[in-house]
Amino acid sequence: MADSVGDGFPSTGAGIEKGHLLHDISDGITYQYVGGPVNSSSSWRVVFGNTSYAQLVNLTGAVPSDTNPFQVSFQVDDIRGMRVDQDNGSHIHIEERGLYCIVDGVQCDKTSGGGTAHFLDMWIRKNGVDIPNTGVRNTIIQLAETKVLVLNWVGELLVGDIITKWIAVNNAGVGLGLYTLTNTVGAVIPAGIFSIIKI
């Protein structure tokens, strides 16, 4: 049994058995045959593609002016099956129930206070409530000591859920926050990269 590539479902069942994989070039989705008329969508299940996701970046940076929680904004790089709006920070609106994975990485630095330890915390909220055990911390001591801070989370999200990203610093007087790096030999390094995908 050989897997196949086609434009839509086949019209005949020649050479197709249960488990057969079909990559549909018209929609970029891979289907698996589960039985029944091969030209019917109910005879196939999606095994790859057509999933909800968003790839978001922050290119403007985020430097809190006080020690209160600060909601971070994003620009949309690529998105499908959800939406993002801006209201004092970005709100990621879930439009399909499922199990989701979030990976969030940022570039932390400060502009003064070298030689003294200052820290930045980062976490995510769902519907305005902190998601337990998503908090991560980075401590910056020296100037130009850019560090990467990463969090990850897996859990169920429902239609209508709203995800937001937050940071907080222990000292707002040293320029501690998230910074985009542009003087690179390769691609620009965003202040933040936020990936969410339904799995």
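Please refer to the structure higher up on the page.
Residues numbered from 1 in each chain as written. Predicted model: local features only at pLDDT ≥ 70, side-chain atom pairs only at ≥ 80, totals over all residues. Heavy atoms only, no water.

A.B. asks: Which parts of the structure should I look at to understand the overall build of the protein?
C.D. replies: Helix and strand counts for the protein come out as zero helices and 17 strands. Compactness check: the protein gives a C-alpha radius of gyration of 22 Å against a globular reference of 16 Å for 199 residues, more than 25% above the reference. If one aligns the C-alpha atoms of the protein with their principal axes, the spans along those axes are about 70 × 40 × 25 Å. Excluding contacts between residues fewer than 6 apart, the proportion of contacts in the protein whose partners are at least 24 apart in sequence is 61%. Accessible surface computed for the protein: about 10,200 Å², of which carbon and sulfur atoms make up 52%. Here the protein contributes 12 positively and 19 negatively charged side chains, and the mean placements of these two sets differ by 6 Å. (Helix = DSSP H or I, 4+ residues; strand = E, 2+ residues; numbered from the N terminus. Rg over C-alpha atoms; globule rule 2.2 N^0.38 Å. Contact = heavy atoms within 4.5 Å. Areas by Shrake-Rupley, 256 points an atom, 1.4 Å probe, with all protein chains shown as cover. Lys, Arg positive; Asp, Glu negative; His and termini not counted. Charge placed at Lys NZ, Arg CZ, Asp CG, Glu CD.)

A.B. asks: Explanation requested: the nonpolar core in the structure shown.
C.D. replies: The nonpolar side chains of a soluble globular protein tend to be buried with one another. One finds Ile 102, Leu 120, Leu 178, Phe 194 and Ile 196 to be the most contacted residues of the largest nonpolar core, which totals 30 residues. Elements that contribute at least two residues to this core include exactly strand E5 (53–58), strand E9 (90–94), strand E10 (98–109), strand E11 (118–126), strand E14 (147–157), strand E15 (162–169) and strand E17 (192–198). Setting aside residues up to four positions removed in sequence, Leu 120 forms contacts with Cys 108, Val 136, Arg 137, Asn 138, Leu 149, Ile 167, Ala 168, Val 169, Leu 176, Gly 177 and Leu 178. Grouped together as the second largest cluster of nonpolar side chains are seven residues, Tyr 31, Tyr 33, Val 38 and Trp 44 included. (Core = buried A, V, L, I, M, F, W, Y, C linked by side-chain atoms within 4.5 Å. Buried < 20%, exposed > 50% of the residue type's maximum accessible area, 1.4 Å probe, protein only.)

A.B. asks: Teacher, can you tell me more about the side chain of Asp 109 here?
C.D. replies: Among the structural elements, Asp 109 can be located in strand E10. Nearest to the buried, unbridged Asp 109 among oppositely charged side chains is Lys 110, at 7.6 Å. There is a polar contact of 2.9 Å between the side chain of Asp 109 and the side chain of Thr 146. Excluding anything up to four places from it in sequence, Asp 109 contacts Ile 140, Leu 143, Ala 144, Glu 145, Thr 146, Gly 175, Leu 176, Gly 177 and Tyr 179. (Salt bridge = Lys/Arg side-chain N within 4 Å of Asp/Glu carboxyl O. Polar contact = N/O pair within 3.5 Å; in protein donor to acceptor, adjacent residues only side chain to side chain.)

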